[in-house]
Amino acid sequence: MSADPRRQVPRTDTLLADPRLAAAGERLGRGLVKGAVQRVQQRIRDGEVAPPQAVEAVLASLPGTASSLQPVLNVTGVLVHTNLGRSPLSPAAVDAITAAAGTTDVELDLSTGRRGPRGEAAIAALLAAVPAAEAAIVVNNCAAALALVATALGQDRELVLARGELVEIGDGFRIPELLTATGARLREVGTTNRVTLADYRGALGPETGAVLKVHPSNFVVRGFTRQVEVGELAAALAGTGTPLVADVGSGLLRPHPLLPEEPDLQSTLAAGADVVLASGDKLLGGPQAGLVLGRADLVQRLRRHPLYRALRVDKTTLAALEATLRGPLPPVQEMLAADLDGLRARAGALAARLTEAGLDARAVDADARVGGGGAPEHPLPSAAVSLPGSFAELLRRGTPPVVGYVEGDRTLLNLRSLPTSADEQLAGAVLAAAAR
Ligand SMILES: *Cc1c(COP(=O)(O)O)cnc(C)c1O
(Lines give C-alpha, C1' and ligand atoms only; values in the text may rest on other atoms or scores of the structure.)
Protein backbone atom coordinates (compact mmCIF):
# COMPACT_ATOMS: atom_id res chain seq x y z
CA MET A 1 0.00 0.00 0.00
CA SER A 2 1.27 3.43 -0.88
CA ALA A 3 1.82 6.06 1.81
CA ASP A 4 1.17 8.76 -0.77
CA PRO A 5 -1.65 10.87 0.72
CA ARG A 6 -2.95 11.63 -2.76
CA ARG A 7 -4.09 8.04 -3.05
CA GLN A 8 -6.03 8.18 0.20
CA VAL A 9 -8.34 11.14 -0.46
CA PRO A 10 -11.65 10.40 1.32
CA ARG A 11 -14.67 10.27 -0.97
CA THR A 12 -16.98 13.28 -1.11
CA ASP A 13 -20.03 11.22 -0.08
CA THR A 14 -18.17 9.71 2.86
CA LEU A 15 -17.15 13.15 4.13
CA LEU A 16 -20.61 14.68 3.62
CA ALA A 17 -22.13 11.78 5.59
CA ASP A 18 -20.03 12.66 8.65
CA PRO A 19 -22.57 13.84 11.28
CA ARG A 20 -20.69 17.09 11.95
CA LEU A 21 -20.56 17.98 8.26
CA ALA A 22 -24.17 16.89 7.75
CA ALA A 23 -25.16 19.25 10.58
CA ALA A 24 -23.13 22.04 8.96
CA GLY A 25 -24.96 21.31 5.71
CA GLU A 26 -28.31 21.78 7.44
CA ARG A 27 -27.18 25.13 8.78
CA LEU A 28 -25.18 26.54 5.86
CA GLY A 29 -26.54 24.66 2.86
CA ARG A 30 -25.17 21.43 1.40
CA GLY A 31 -23.68 23.19 -1.63
CA LEU A 32 -21.50 25.42 0.50
CA VAL A 33 -20.23 22.46 2.58
CA LYS A 34 -19.61 20.40 -0.55
CA GLY A 35 -17.46 23.21 -1.97
CA ALA A 36 -15.43 23.25 1.25
CA VAL A 37 -15.05 19.44 1.07
CA GLN A 38 -13.74 19.66 -2.48
CA ARG A 39 -11.19 22.30 -1.52
CA VAL A 40 -9.94 20.14 1.37
CA GLN A 41 -9.71 17.12 -0.94
CA GLN A 42 -7.46 19.20 -3.17
CA ARG A 43 -5.33 20.18 -0.19
CA ILE A 44 -4.99 16.47 0.67
CA ARG A 45 -3.81 15.79 -2.90
CA ASP A 46 -1.35 18.65 -2.52
CA GLY A 47 -0.04 17.09 0.67
CA GLU A 48 -1.15 20.01 2.87
CA VAL A 49 -3.75 18.09 4.91
CA ALA A 50 -3.45 14.53 6.25
CA PRO A 51 -6.44 12.35 5.24
CA PRO A 52 -7.56 11.61 8.84
CA GLN A 53 -7.79 15.37 9.42
CA ALA A 54 -10.17 15.92 6.51
CA VAL A 55 -13.34 16.56 8.54
CA GLU A 56 -11.57 18.93 10.96
CA ALA A 57 -10.06 20.83 8.03
CA VAL A 58 -13.47 21.21 6.38
CA LEU A 59 -15.04 22.39 9.66
CA ALA A 60 -12.24 24.90 10.21
CA SER A 61 -12.71 26.35 6.73
CA LEU A 62 -16.49 26.82 6.98
CA PRO A 63 -17.76 30.37 7.43
CA GLY A 64 -19.86 31.35 10.45
CA THR A 65 -22.89 32.01 8.28
CA ALA A 66 -24.06 31.19 4.76
CA SER A 67 -22.96 34.68 3.72
CA SER A 68 -19.32 35.33 2.94
CA LEU A 69 -19.51 38.75 4.63
CA GLN A 70 -17.67 38.41 7.91
CA PRO A 71 -17.44 40.54 11.03
CA VAL A 72 -14.32 42.75 11.03
CA LEU A 73 -12.68 44.60 13.93
CA ASN A 74 -12.40 48.24 12.85
CA VAL A 75 -9.29 49.84 14.38
CA THR A 76 -8.78 52.26 11.49
CA GLY A 77 -9.80 55.16 13.72
CA VAL A 78 -12.44 56.04 11.11
CA LEU A 79 -15.79 55.79 12.88
CA VAL A 80 -17.99 55.64 9.80
CA HIS A 81 -15.89 53.60 7.36
CA THR A 82 -17.64 53.08 4.03
CA ASN A 83 -15.47 50.08 3.09
CA LEU A 84 -16.35 48.45 6.40
CA GLY A 85 -20.11 48.91 6.10
CA ARG A 86 -20.33 52.33 7.76
CA SER A 87 -22.23 52.27 11.06
CA PRO A 88 -22.16 49.12 13.19
CA LEU A 89 -25.72 48.68 14.41
CA SER A 90 -26.71 48.75 18.07
CA PRO A 91 -27.68 45.43 19.69
CA ALA A 92 -31.23 46.82 19.86
CA ALA A 93 -31.23 47.37 16.08
CA VAL A 94 -29.79 43.89 15.47
CA ASP A 95 -32.55 42.34 17.63
CA ALA A 96 -35.16 44.37 15.76
CA ILE A 97 -33.82 43.10 12.41
CA THR A 98 -33.97 39.52 13.62
CA ALA A 99 -37.55 39.97 14.81
CA ALA A 100 -38.66 41.62 11.56
CA ALA A 101 -36.73 39.26 9.29
CA GLY A 102 -39.47 36.66 9.23
CA THR A 103 -43.12 37.32 8.54
CA THR A 104 -44.00 40.64 10.12
CA ASP A 105 -46.80 43.21 10.28
CA VAL A 106 -44.96 45.85 8.23
CA GLU A 107 -48.05 46.75 6.19
CA LEU A 108 -50.89 45.17 8.11
CA ASP A 109 -52.93 46.75 10.88
CA LEU A 110 -53.44 43.78 13.18
CA SER A 111 -56.31 45.46 15.06
CA THR A 112 -58.49 45.88 11.96
CA GLY A 113 -57.00 43.22 9.71
CA ARG A 114 -56.62 45.80 6.94
CA ARG A 115 -53.63 47.08 5.06
CA GLY A 116 -51.75 49.59 7.23
CA PRO A 117 -49.28 52.35 6.42
CA ARG A 118 -45.85 50.87 5.80
CA GLY A 119 -43.16 51.76 8.31
CA GLU A 120 -45.46 54.01 10.34
CA ALA A 121 -43.61 53.49 13.62
CA ALA A 122 -40.19 54.26 12.15
CA ILE A 123 -41.60 57.47 10.65
CA ALA A 124 -43.17 58.40 13.99
CA ALA A 125 -39.79 57.85 15.70
CA LEU A 126 -38.11 60.13 13.15
CA LEU A 127 -40.69 62.85 13.64
CA ALA A 128 -40.40 62.59 17.42
CA ALA A 129 -36.62 63.04 17.10
CA VAL A 130 -36.91 65.96 14.66
CA PRO A 131 -39.93 68.01 15.79
CA ALA A 132 -39.36 70.69 13.13
CA ALA A 133 -40.43 68.16 10.47
CA GLU A 134 -44.11 67.79 9.59
CA ALA A 135 -43.66 64.54 7.66
CA ALA A 136 -40.99 62.03 6.64
CA ILE A 137 -40.26 59.15 4.29
CA VAL A 138 -37.40 56.68 4.18
CA VAL A 139 -35.68 55.51 1.00
CA ASN A 140 -32.71 53.30 0.25
CA ASN A 141 -29.93 55.82 0.89
CA CYS A 142 -29.25 59.53 0.62
CA ALA A 143 -28.37 59.20 -3.07
CA ALA A 144 -31.84 57.71 -3.60
CA ALA A 145 -33.35 60.63 -1.68
CA LEU A 146 -31.53 63.06 -4.00
CA ALA A 147 -32.69 61.13 -7.07
CA LEU A 148 -36.29 61.21 -5.85
CA VAL A 149 -36.18 64.94 -5.11
CA ALA A 150 -34.52 65.73 -8.42
CA THR A 151 -37.07 63.66 -10.34
CA ALA A 152 -40.17 64.88 -8.53
CA LEU A 153 -39.19 68.56 -8.28
CA GLY A 154 -36.64 69.05 -11.03
CA GLN A 155 -37.47 66.86 -14.02
CA ASP A 156 -37.48 69.02 -17.17
CA ARG A 157 -36.92 71.99 -14.91
CA GLU A 158 -33.92 73.60 -13.22
CA LEU A 159 -32.28 72.76 -9.91
CA VAL A 160 -30.29 75.72 -8.64
CA LEU A 161 -27.05 74.63 -6.96
CA ALA A 162 -23.86 76.46 -5.96
CA ARG A 163 -20.69 75.45 -7.86
CA GLY A 164 -18.89 74.94 -4.54
CA GLU A 165 -21.42 72.20 -3.74
CA LEU A 166 -20.88 70.01 -6.82
CA VAL A 167 -19.64 67.15 -4.65
CA GLU A 168 -18.12 63.78 -5.54
CA ILE A 169 -19.36 61.44 -2.81
CA GLY A 170 -16.87 58.63 -3.37
CA ASP A 171 -16.11 55.70 -5.69
CA GLY A 172 -16.45 58.10 -8.65
CA PHE A 173 -20.09 59.04 -7.92
CA ARG A 174 -20.81 62.73 -8.38
CA ILE A 175 -23.93 64.44 -7.11
CA PRO A 176 -24.35 66.73 -10.18
CA GLU A 177 -24.29 63.66 -12.47
CA LEU A 178 -26.79 61.87 -10.26
CA LEU A 179 -29.11 64.90 -10.41
CA THR A 180 -28.96 65.32 -14.18
CA ALA A 181 -29.41 61.56 -14.72
CA THR A 182 -33.01 62.09 -13.56
CA GLY A 183 -33.78 64.55 -16.35
CA ALA A 184 -33.35 67.64 -14.18
CA ARG A 185 -31.23 70.50 -15.51
CA LEU A 186 -28.62 71.99 -13.21
CA ARG A 187 -28.44 75.74 -12.89
CA GLU A 188 -25.01 76.28 -11.34
CA VAL A 189 -24.46 79.53 -9.46
CA GLY A 190 -21.39 81.28 -8.03
CA THR A 191 -17.82 80.03 -8.30
CA THR A 192 -15.93 77.19 -6.59
CA ASN A 193 -15.12 79.35 -3.59
CA ARG A 194 -17.82 82.02 -3.50
CA VAL A 195 -21.53 82.36 -3.98
CA THR A 196 -23.85 85.21 -2.98
CA LEU A 197 -27.55 85.65 -2.50
CA ALA A 198 -27.56 87.78 -5.67
CA ASP A 199 -26.22 84.76 -7.60
CA TYR A 200 -29.15 82.67 -6.41
CA ARG A 201 -31.65 85.47 -7.08
CA GLY A 202 -30.34 85.88 -10.61
CA ALA A 203 -30.90 82.19 -11.33
CA LEU A 204 -34.50 81.99 -10.16
CA GLY A 205 -37.21 82.04 -12.78
CA PRO A 206 -40.17 80.17 -14.22
CA GLU A 207 -37.93 77.18 -14.98
CA THR A 208 -36.79 76.76 -11.36
CA GLY A 209 -37.94 73.48 -9.81
CA ALA A 210 -36.08 73.80 -6.53
CA VAL A 211 -33.05 75.35 -4.89
CA LEU A 212 -30.68 72.71 -3.56
CA LYS A 213 -28.04 73.03 -0.89
CA VAL A 214 -25.59 70.13 -0.61
CA HIS A 215 -23.35 69.95 2.44
CA PRO A 216 -19.76 69.41 1.28
CA SER A 217 -19.36 66.66 3.85
CA ASN A 218 -16.01 65.25 2.75
CA PHE A 219 -13.95 68.38 2.05
CA VAL A 220 -13.56 72.02 3.08
CA VAL A 221 -12.78 75.15 1.08
CA ARG A 222 -10.77 77.69 3.03
CA GLY A 223 -9.51 81.19 2.40
CA PHE A 224 -11.41 83.67 0.22
CA THR A 225 -14.78 81.98 0.53
CA ARG A 226 -18.41 82.88 0.90
CA GLN A 227 -21.51 80.77 1.20
CA VAL A 228 -25.18 81.54 1.60
CA GLU A 229 -26.64 79.97 4.72
CA VAL A 230 -29.94 78.08 4.68
CA GLY A 231 -31.64 80.83 6.70
CA GLU A 232 -30.68 83.58 4.23
CA LEU A 233 -31.76 81.48 1.26
CA ALA A 234 -35.05 80.57 2.91
CA ALA A 235 -35.80 84.24 3.57
CA ALA A 236 -35.05 85.11 -0.06
CA LEU A 237 -37.31 82.30 -1.34
CA ALA A 238 -40.20 83.08 0.99
CA GLY A 239 -43.37 83.66 -0.99
CA THR A 240 -41.86 82.50 -4.31
CA GLY A 241 -43.20 78.96 -3.98
CA THR A 242 -39.74 77.57 -4.83
CA PRO A 243 -38.82 74.78 -2.42
CA LEU A 244 -35.46 74.83 -0.64
CA VAL A 245 -34.01 71.33 -0.27
CA ALA A 246 -30.93 70.79 1.91
CA ASP A 247 -28.84 67.61 1.72
CA VAL A 248 -27.12 67.62 5.12
CA GLY A 249 -25.42 64.28 4.45
CA SER A 250 -24.21 63.00 7.77
CA GLY A 251 -27.50 62.51 9.54
CA LEU A 252 -27.10 64.27 12.88
CA LEU A 253 -30.61 64.78 14.19
CA ARG A 254 -29.66 67.70 16.40
CA PRO A 255 -26.49 69.75 16.91
CA HIS A 256 -23.65 67.71 18.39
CA PRO A 257 -21.40 69.52 20.88
CA LEU A 258 -18.29 67.71 19.59
CA LEU A 259 -18.98 68.48 15.93
CA PRO A 260 -19.92 72.17 15.81
CA GLU A 261 -19.37 72.42 12.03
CA GLU A 262 -21.66 69.54 11.17
CA PRO A 263 -25.19 70.49 10.08
CA ASP A 264 -28.16 68.67 11.60
CA LEU A 265 -31.71 67.97 10.50
CA GLN A 266 -33.60 69.84 13.21
CA SER A 267 -31.59 73.10 12.92
CA THR A 268 -31.63 73.04 9.12
CA LEU A 269 -35.42 72.73 9.05
CA ALA A 270 -35.78 75.34 11.79
CA ALA A 271 -33.61 77.69 9.70
CA GLY A 272 -36.16 77.44 6.90
CA ALA A 273 -35.34 74.50 4.63
CA ASP A 274 -38.50 72.95 3.23
CA VAL A 275 -37.05 69.45 2.92
CA VAL A 276 -33.87 67.95 4.40
CA LEU A 277 -32.07 64.78 3.31
CA ALA A 278 -29.55 62.64 5.19
CA SER A 279 -27.94 59.20 5.35
CA GLY A 280 -29.14 56.84 8.06
CA ASP A 281 -25.82 55.00 8.34
CA LYS A 282 -23.50 57.93 8.95
CA LEU A 283 -23.59 59.83 12.25
CA LEU A 284 -27.09 58.70 13.15
CA GLY A 285 -25.51 55.25 13.54
CA GLY A 286 -28.36 53.30 11.96
CA PRO A 287 -28.97 51.16 8.88
CA GLN A 288 -28.29 52.32 5.33
CA ALA A 289 -31.21 54.60 4.54
CA GLY A 290 -32.06 57.94 3.00
CA LEU A 291 -34.05 60.13 5.37
CA VAL A 292 -36.36 62.72 3.84
CA LEU A 293 -38.06 65.10 6.27
CA GLY A 294 -39.87 68.38 6.00
CA ARG A 295 -43.03 70.11 4.84
CA ALA A 296 -46.02 67.77 4.66
CA ASP A 297 -47.15 68.74 1.14
CA LEU A 298 -43.70 68.27 -0.37
CA VAL A 299 -43.01 64.99 1.43
CA GLN A 300 -46.41 63.74 0.27
CA ARG A 301 -45.53 64.71 -3.31
CA LEU A 302 -42.34 62.63 -3.07
CA ARG A 303 -44.22 59.78 -1.42
CA ARG A 304 -46.78 59.73 -4.26
CA HIS A 305 -44.21 59.83 -7.06
CA PRO A 306 -43.94 56.49 -8.95
CA LEU A 307 -40.18 56.43 -8.38
CA TYR A 308 -40.73 56.22 -4.61
CA ARG A 309 -41.91 52.62 -5.03
CA ALA A 310 -38.53 51.74 -6.56
CA LEU A 311 -36.56 53.37 -3.78
CA ARG A 312 -38.44 52.43 -0.62
CA VAL A 313 -36.74 50.36 2.07
CA ASP A 314 -37.47 46.87 3.29
CA LYS A 315 -38.89 45.73 6.63
CA THR A 316 -35.49 45.03 8.22
CA THR A 317 -34.29 48.57 7.50
CA LEU A 318 -37.46 50.05 8.98
CA ALA A 319 -37.04 47.86 12.07
CA ALA A 320 -33.36 48.82 12.54
CA LEU A 321 -34.06 52.51 11.99
CA GLU A 322 -36.84 52.60 14.57
CA ALA A 323 -34.72 50.71 17.10
CA THR A 324 -31.77 53.05 16.46
CA LEU A 325 -33.99 56.07 17.10
CA ARG A 326 -35.83 54.69 20.12
CA GLY A 327 -33.23 52.37 21.62
CA PRO A 328 -29.98 52.98 23.50
CA LEU A 329 -27.20 55.07 21.90
CA PRO A 330 -25.83 53.31 18.81
CA PRO A 331 -22.10 52.42 18.74
CA VAL A 332 -21.16 55.36 16.47
CA GLN A 333 -22.56 57.83 19.01
CA GLU A 334 -20.74 56.07 21.85
CA MET A 335 -17.47 56.13 19.90
CA LEU A 336 -17.94 59.82 19.19
CA ALA A 337 -18.51 60.53 22.89
CA ALA A 338 -15.69 58.29 24.23
CA ASP A 339 -13.28 60.32 26.38
CA LEU A 340 -9.55 60.34 25.78
CA ASP A 341 -8.60 59.07 29.25
CA GLY A 342 -10.77 56.01 28.77
CA LEU A 343 -9.26 55.35 25.33
CA ARG A 344 -5.73 55.72 26.73
CA ALA A 345 -6.55 53.29 29.54
CA ARG A 346 -7.81 50.73 27.00
CA ALA A 347 -4.68 51.12 24.84
CA GLY A 348 -2.45 50.86 27.94
CA ALA A 349 -4.15 47.68 29.16
CA LEU A 350 -3.98 46.04 25.72
CA ALA A 351 -0.33 47.03 25.18
CA ALA A 352 0.65 45.71 28.63
CA ARG A 353 -1.03 42.41 27.94
CA LEU A 354 0.64 42.02 24.54
CA THR A 355 4.05 43.04 25.94
CA GLU A 356 3.67 40.39 28.64
CA ALA A 357 3.17 37.86 25.85
CA GLY A 358 6.52 38.96 24.39
CA LEU A 359 5.27 41.31 21.66
CA ASP A 360 6.73 44.72 20.77
CA ALA A 361 3.57 46.65 21.65
CA ARG A 362 3.08 50.11 23.10
CA ALA A 363 0.24 52.53 23.72
CA VAL A 364 0.39 55.80 21.76
CA ASP A 365 -1.84 58.81 21.17
CA ALA A 366 -3.38 59.04 17.70
CA ASP A 367 -6.09 60.96 15.87
CA ALA A 368 -9.37 59.40 14.84
CA ARG A 369 -11.89 60.76 12.33
CA VAL A 370 -15.61 60.65 11.76
CA GLY A 371 -15.02 59.42 8.20
CA GLY A 372 -16.87 59.78 4.90
CA GLY A 373 -19.84 60.61 7.10
CA GLY A 374 -18.69 64.14 7.77
CA ALA A 375 -16.49 66.56 9.69
CA PRO A 376 -13.49 66.12 7.34
CA GLU A 377 -11.36 68.66 9.20
CA HIS A 378 -12.25 67.59 12.67
CA PRO A 379 -9.73 65.15 14.20
CA LEU A 380 -10.98 63.30 17.27
CA PRO A 381 -8.29 62.68 19.90
CA SER A 382 -7.74 58.96 20.39
CA ALA A 383 -5.31 56.28 21.56
CA ALA A 384 -3.86 53.32 19.70
CA VAL A 385 -1.82 50.17 20.21
CA SER A 386 1.36 50.37 18.13
CA LEU A 387 2.82 47.11 16.76
CA PRO A 388 5.53 46.27 14.21
CA GLY A 389 4.51 47.13 10.64
CA SER A 390 4.23 43.50 9.51
CA PHE A 391 1.17 43.05 11.72
CA ALA A 392 -1.11 45.03 9.41
CA GLU A 393 -1.37 42.26 6.84
CA LEU A 394 -1.23 39.39 9.35
CA LEU A 395 -4.15 40.90 11.25
CA ARG A 396 -6.16 41.62 8.11
CA ARG A 397 -5.88 37.95 7.11
CA GLY A 398 -6.86 36.62 10.53
CA THR A 399 -10.21 35.44 11.89
CA PRO A 400 -11.81 37.79 12.72
CA PRO A 401 -9.97 40.13 10.37
CA VAL A 402 -8.57 43.23 12.10
CA VAL A 403 -8.20 46.37 9.98
CA GLY A 404 -5.77 48.97 11.31
CA TYR A 405 -3.36 51.22 9.42
CA VAL A 406 0.38 51.66 8.88
CA GLU A 407 2.20 54.81 9.96
CA GLY A 408 5.92 54.81 9.22
CA ASP A 409 7.13 51.33 10.16
CA ARG A 410 4.40 50.68 12.75
CA THR A 411 0.92 49.20 12.58
CA LEU A 412 -1.55 51.25 14.59
CA LEU A 413 -4.73 49.84 16.09
CA ASN A 414 -6.82 52.91 16.85
CA LEU A 415 -9.37 52.20 19.56
CA ARG A 416 -11.94 54.97 19.05
CA SER A 417 -13.53 53.06 16.15
CA LEU A 418 -13.79 49.80 18.13
CA PRO A 419 -16.53 49.15 20.70
CA THR A 420 -14.99 48.63 24.17
CA SER A 421 -16.68 45.25 24.31
CA ALA A 422 -14.42 44.05 21.45
CA ASP A 423 -11.07 44.73 23.22
CA GLU A 424 -10.82 41.11 24.40
CA GLN A 425 -11.39 39.86 20.86
CA LEU A 426 -8.76 42.28 19.56
CA ALA A 427 -6.16 41.00 22.04
CA GLY A 428 -6.94 37.42 21.00
CA ALA A 429 -6.62 38.31 17.30
CA VAL A 430 -3.22 39.98 17.84
CA LEU A 431 -1.90 37.03 19.85
CA ALA A 432 -3.15 34.62 17.17
CA ALA A 433 -1.46 36.70 14.45
CA ALA A 434 1.79 36.73 16.42
CA ALA A 435 1.63 32.93 16.70
CA ARG A 436 1.37 32.53 12.90
C1 LIG B 1 -22.82 60.64 1.99
C2 LIG B 1 -23.56 61.71 1.32
C3 LIG B 1 -24.46 61.39 0.29
C4 LIG B 1 -24.70 59.99 -0.15
O5 LIG B 1 -25.35 59.30 0.85
P6 LIG B 1 -25.60 57.72 0.71
O7 LIG B 1 -26.47 57.44 1.89
O8 LIG B 1 -24.26 57.08 0.78
O9 LIG B 1 -26.28 57.48 -0.57
C10 LIG B 1 -25.15 62.42 -0.30
N11 LIG B 1 -24.95 63.70 0.08
C12 LIG B 1 -24.09 64.03 1.06
C13 LIG B 1 -23.93 65.47 1.43
C14 LIG B 1 -23.37 63.04 1.72
O15 LIG B 1 -22.53 63.36 2.70
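Residues numbered from 1 in each chain as written. Predicted model: local features only at pLDDT ≥ 70, side-chain atom pairs only at ≥ 80, totals over all residues. Heavy atoms only, no water.

Heads up, the condition is: UniProt positions are given in the numbering used here, feature names are shortened, and annotations may be inferred rather than shown by experiment.
The protein chain is annotated in an unreviewed UniProt entry as L-seryl-tRNA(Sec) selenium transferase from Blastococcus tunisiensis. Its UniProt record gives the protein chain a comment under Sequence similarities (unreviewed entry), which states: "Belongs to the SelA family." The Pathway (unreviewed entry) field of the UniProt record for the protein chain holds the comment "Aminoacyl-tRNA biosynthesis; selenocysteinyl-tRNA(Sec) biosynthesis; selenocysteinyl-tRNA(Sec) from L-seryl-tRNA(Sec) (bacterial route): step 1/1."

### A short note on the sheet that holds strand E2 (residues 78-80)
Our working definition: Strand pairing is assigned whenever DSSP identifies at least 2 bridges connecting the two strands. Runs of H or I in DSSP of at least four residues are treated as helices and runs of E of at least two as strands, each being numbered from the N terminus. Angular values range over 0 to 180 degrees, each being the angle between N-to-C directions of two axes fitted as lines to C-alpha atoms, with helices fitted over their stretch in contact.
The 5 strands lie next to each other as E2-E14-E15-E18-E17, forming an open sheet whose pairing is mixed. Each of the sheet's edge strands pairs with one partner strand only, and the pair in question is E2 and strand E17 (405-407). Along the sheet, successive strands turn relative to each other by an average axial angle of 45 degrees, direction set aside. In terms of strand pairing, strand E14 (residues 362-371) meets strand E15 (residues 380-388) through 7 bridges, oriented antiparallel. Looking at the pairing, Ala 363 lines up with Val 385 of E15.

### Here we look at the nonpolar core
Side chains of a nonpolar character, in soluble globular proteins, are inclined to be buried together. Let me state the cut-off plainly: The set of buried Ala, Val, Leu, Ile, Met, Phe, Trp, Tyr and Cys residues whose side-chain atoms join them within 4.5 Å is what this entry labels a nonpolar core. Buried, partly exposed and exposed residues are distinguished by accessible area as a fraction of the type maximum, computed with a 1.4 Å probe on protein chains only: under 20%, between the cut-offs, and over 50%, respectively. A contact between two residues is defined here by any heavy atoms of the two lying within 4.5 Å.
Counting residues in each nonpolar core, the largest one holds 40 residues, and the members touching the most others are Tyr 200, Leu 265, Leu 291 and Leu 293. Once you skip the residues sitting within four places of it in the chain, Leu 293 turns out to touch Leu 126, Val 130, Ala 133, Ala 135, Ala 136, Leu 265, Leu 269, Asp 274, Val 275, Val 276 and Val 299. In this structure, Val 149, Ala 210, Val 214 and Val 245 belong to the second largest nonpolar core, which totals 30 residues.

### Regarding the UniProt feature "modified residue: N6-(pyridoxal phosphate)lysine" (unreviewed entry) in the protein chain
Mapped onto the present numbering, the UniProt feature "modified residue: N6-(pyridoxal phosphate)lysine" (unreviewed entry) falls at Lys 282. Relative to the helices and strands, Lys 282 resides in the loop between strand E12 (275-279) and strand E13 (290-294). Here Lys 282 falls in the buried class, since its relative accessible area comes to 6%.

### A closer look at the pattern of salt bridges
The following threshold applies: The term salt bridge refers to a side-chain nitrogen of Lys or Arg lying within 4 Å of a carboxyl oxygen of Asp or Glu.
Applying the stated criterion to the full structure yields 23 salt bridges. As a salt-bridge pair, Asp 281 and Arg 86 come within 3.0 Å of each other at their nearest N and O atoms. Residue Asp 281 is located in the loop between E12 and E13, and its partner Arg 86 is located in the loop between E2 and helix H5 (91-101); the two are separated by 195 residues in the primary sequence. For the pair shown, Asp 281 and Arg 86 are each scored as buried.

### Observations regarding the packing of aromatic side chains
Which entries qualify depends on this criterion: Each Phe, Tyr or Trp ring (for Trp, its six-membered ring) is paired with any other whose centre lies within 6.5 Å, and the angle between the two planes then decides the class: stacked below 30 degrees, edge-to-face above 60, tilted in between. Here, over-ring charges are defined by two tests on the NZ atom of lysine or the CZ atom of arginine: distance to the ring centre within 6 Å, and angle to the ring normal within 35 degrees.
Going through the model one piece at a time under the given rule, you end up with 0 aromatic pairs. For Arg 194, the ring lying beneath its charged end belongs to Phe 224, and the centroid distance is 3.9 Å.

### Points about the domain arrangement of the protein chain
It is common to report an interface's size as the accessible area lost on association of the parts. Our working definition: Each domain's limits were defined by an automated method or a database of domain assignments.
Partitioning the protein chain into domains gives domain 1 (11-61), domain 2 (73-84 + 333-435) and domain 3 (91-328). For domain 1 versus domain 2, the distance between C-alpha centres works out to 35 Å.

### Concerning the site of the ligand
Formally: If even one non-hydrogen atom of a residue comes within 4 Å of a molecule or strand, that residue is called near it. Identification of polar contacts relies on pairs of N or O atoms within 3.5 Å, with a donor-acceptor requirement for protein atoms, meaning one able to donate a hydrogen and the other able to accept it, and with residues adjacent in sequence counted only if both atoms are side-chain atoms. Surface accessibility follows the Shrake-Rupley procedure with a 1.4 Å probe radius. Residue values consider only the protein chains on display as shielding. For this classification, the nonpolar set comprises Ala, Val, Leu, Ile, Met, Phe, Trp, Tyr, Cys and Pro, the charged set comprises Asp, Glu, Lys and Arg, and every other residue, Gly included, is treated as polar.
In the neighbourhood of the ligand, the contacting residues comprise Arg 86, Asn 141, Cys 142, Ala 143, Ile 169, Ile 175, His 215, Ser 217, Asp 247, Gly 249, Ser 279 and Lys 282. Between an oxygen atom of the ligand and a side-chain N or O atom of Arg 86, the distance comes to 2.9 Å. Cys 142 has a polar backbone atom sitting 2.9 Å from an oxygen atom of the ligand. Bound to the protein, the ligand loses 94% of the 390 Å² it would expose on its own. Contributing elements (two or more residues each) for the shell around the ligand: helix H7 (142-154) and strand E11 (244-249). Residue classes in the shell around the ligand are distributed as 4 nonpolar, 5 polar and 3 charged.

### Some remarks on the packing of helix H3 (residues 30-45) against helix H4 (residues 54-61)
Operational definition: When describing relative orientation, an angle under 35 degrees is termed roughly parallel and one over 145 degrees roughly antiparallel, while 65 to 115 degrees is termed roughly perpendicular and anything else oblique. Definitions for this section: a left-handed crossing has its near helix turned counterclockwise from the far helix by less than a right angle. A right-handed crossing has that turn clockwise.
As a packed pair, H3 and H4 sit with axes 9 Å apart at the nearest point and diverge in direction by 130 degrees. Taken together, the axes of H3 and H4 lie oblique to each other. Seen along the crossing, H3 lies across H4 with a hand that is right-handed. Across the interface between the two elements, Ala 36, Val 37, Val 40 and Ile 44 of H3 pack against Ala 54, Ala 57, Val 58 and Ser 61 of H4. Here the contact of H3 with H4 is built from residues that sort into 7 nonpolar, 1 polar and no charged.

### Concerning the side chain of Asp 18
Assignment of secondary structure puts Asp 18 in the loop between helix H1 (12-17) and helix H2 (19-28). You can call Asp 18 buried: its relative accessible area is 16%. Among the polar contacts made by the side chain of Asp 18, one reaches the main-chain amide nitrogen of Arg 20 at a distance of 2.8 Å.

### So, the pairing of strand E6 (residues 158-162)
Counted residue by residue, E6 has 5 buried out of 5 residues, so it is predominantly covered. Residues Glu 158, Val 160 and Ala 162 line one face of E6 and the alternating positions Leu 159 and Leu 161 line the opposite face, and both faces are buried. Of the pairings in the sheet, the one linking E6 to strand E9 (residues 185-189) comprises 5 bridges and is parallel in character. Note on E9: the bridge partner recorded for Glu 158 is Arg 185. Two elements, E6 and strand E10 (residues 208-214), share 3 bridges in a ladder whose sense is parallel. What sits directly across from Val 160, in E10, is Val 211.

### A word on the sheet that holds E9
Through backbone hydrogen bonds, the strands of a sheet pair up, either in parallel or in antiparallel fashion. Strand order in the open sheet formed by 7 strands is E5-E13-E12-E11-E10-E6-E9, and the pairing between neighbours is mixed. Because the sheet does not close on itself, it has two edges, and the strands there are strand E5 (135-139) and E9. If you compare each strand with its neighbour and ignore which way they point, the axes differ by 25 degrees on average. In the packing of H7 onto the sheet, the strands contacted are E5, E6, E9, E10, E11, E12 and E13, and the crossing angle to E12 comes to about 155 degrees.

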